[in-house]
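Listed below are the residues making up each chain.
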Amino acid sequence: MIAKIEDVNMITFSQYGDDRGHLVVVENQKDIPFDIKRIFYIYGSDDKVVRGKHANINSQFVLINVAGMSKVKVIDHTGKQKIFELKIPHTAIFLPKMIWKEMYDFSKDSVLLCLSDNIYDPKEYIRDFKEFRAFFKNI
Ligand code: TYD
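Because the structure is a prediction, the values reported are computed rather than measured.

(A) Examining the nonpolar core more closely. Ranked by size, the top nonpolar core spans 18 residues in total, and within it Leu 63, Val 74, Ile 93 and Leu 112 carry the most contacts. Those elements that provide at least two residues to this core are strand 4 (61–67), strand 5 (70–75), strand 6 (81–86), strand 7 (91–95) and strand 9 (111–116). With residues up to four places along the chain from it excluded, the contact list for Leu 63 reads Val 72, Leu 86, Thr 91, Ala 92, Ile 93, Leu 95, Met 103, Leu 112, Leu 113 and Cys 114. Counting 10 residues, the second largest nonpolar core, distinct from the first, contains Phe 13, Phe 34, Val 62 and Ile 64.

The structure is reproduced here in structure tokens:
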């Protein structure tokens, strides 16, 4: 199935905070719809940079601003786009395969945690927007 903009969803995780502070749990297949094989995080970005600018043929992602805030623009293969704001540590955005994504407007304190169901393989990244839009026309 080819991902559409409607398949990009915000997720709210359960919080188990008490008077000592907050605790948020993310479990495979329960809180997110895949098994985590890779974790990376992005910090030290600001409101002048745009990161991402790619689509992944084989990988799904869940992005969580565990500190600070950022925005994610997503575009599907039909060209439909939507902008999401990440600023609450117990919420996340789910990004299915083959969705174009751009992360930007990072606050100085932004720590963007990224979970994926695949280990890194640069060959499954499409970094050219025209190539992304053309991808499904050849199938
Ligand atoms: P890049 O994909 O450009 O980051 P972003 O999408 O956030 O703009 O990755 C930056 C560098 O990090 C690039 O040299 C590839 C490397 N990298 C890995 O080695 N493994 C990974 O899992 C990721 C996401 C990136």
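(B) A look at the site of the ligand. The full set of residues close to the ligand is Arg 38, Phe 40, Ile 42, Arg 51, Gly 52, His 54, Tyr 120, Tyr 125 and Arg 127. In this structure, Arg 51 approaches the ligand through a side-chain N or O atom, which is 3.0 Å from an oxygen atom. Within the side chain of Arg 127, an N or O atom sits 2.8 Å from an oxygen atom of the ligand. Burial of the ligand by the surrounding chains reaches 59%, relative to a free accessible area of 530 Å². Across the shell around the ligand, the residue classes break down as four nonpolar, two polar and three charged.

(C) Spotlight on the environment of Ile 64. By secondary structure assignment, the location of Ile 64 is in strand 4. Considered as a pair, Ile 64 and Leu 112 are 48 residues apart in the sequence and their alpha carbons are 5.7 Å apart. Setting aside anything within four residues of it in sequence, one finds Ile 64 in contact with Phe 13, Val 26, Pro 89, Thr 91, Ala 92, Val 111, Leu 112, Leu 113 and Leu 115.

(D) Fine view of the layout of surface pockets. Here the largest pocket is characterised by a volume of approximately 200 Å³. In terms of lining residues, the largest pocket is bounded by 14 residues, among which Phe 40, Ile 42, Gly 52, His 54 and Met 103 are the most central. At three residues, the largest contribution of residues to the lining of the largest pocket is made by strand 3 (residues 50–56). A class-by-class count of the residues in the lining of the largest pocket yields nine nonpolar, two polar and three charged.

Reading the values: rules and limits
Residues numbered from 1 in each chain as written. Predicted model: local features only at pLDDT ≥ 70, side-chain atom pairs only at ≥ 80, totals over all residues. Heavy atoms only, no water. Core = buried A, V, L, I, M, F, W, Y, C linked by side-chain atoms within 4.5 Å. Buried < 20%, exposed > 50% of the residue type's maximum accessible area, 1.4 Å probe, protein only. Helix = DSSP H or I, 4+ residues; strand = E, 2+ residues; numbered from the N terminus. Contact = heavy atoms within 4.5 Å. Near = heavy atom within 4 Å. Polar contact = N/O pair within 3.5 Å; in protein donor to acceptor, adjacent residues only side chain to side chain. Areas by Shrake-Rupley, 256 points an atom, 1.4 Å probe, with all protein chains shown as cover. Nonpolar A, V, L, I, M, F, W, Y, C, P; charged D, E, K, R; others polar. 1 Å grid on protein atoms, 1.4 Å probe; cavity = no way out; pocket = protein on both sides within 12 Å on 5 of 7 lines; lining within 4 Å. Points joined across faces, edges and corners; volume = space filled by probe spheres on them.

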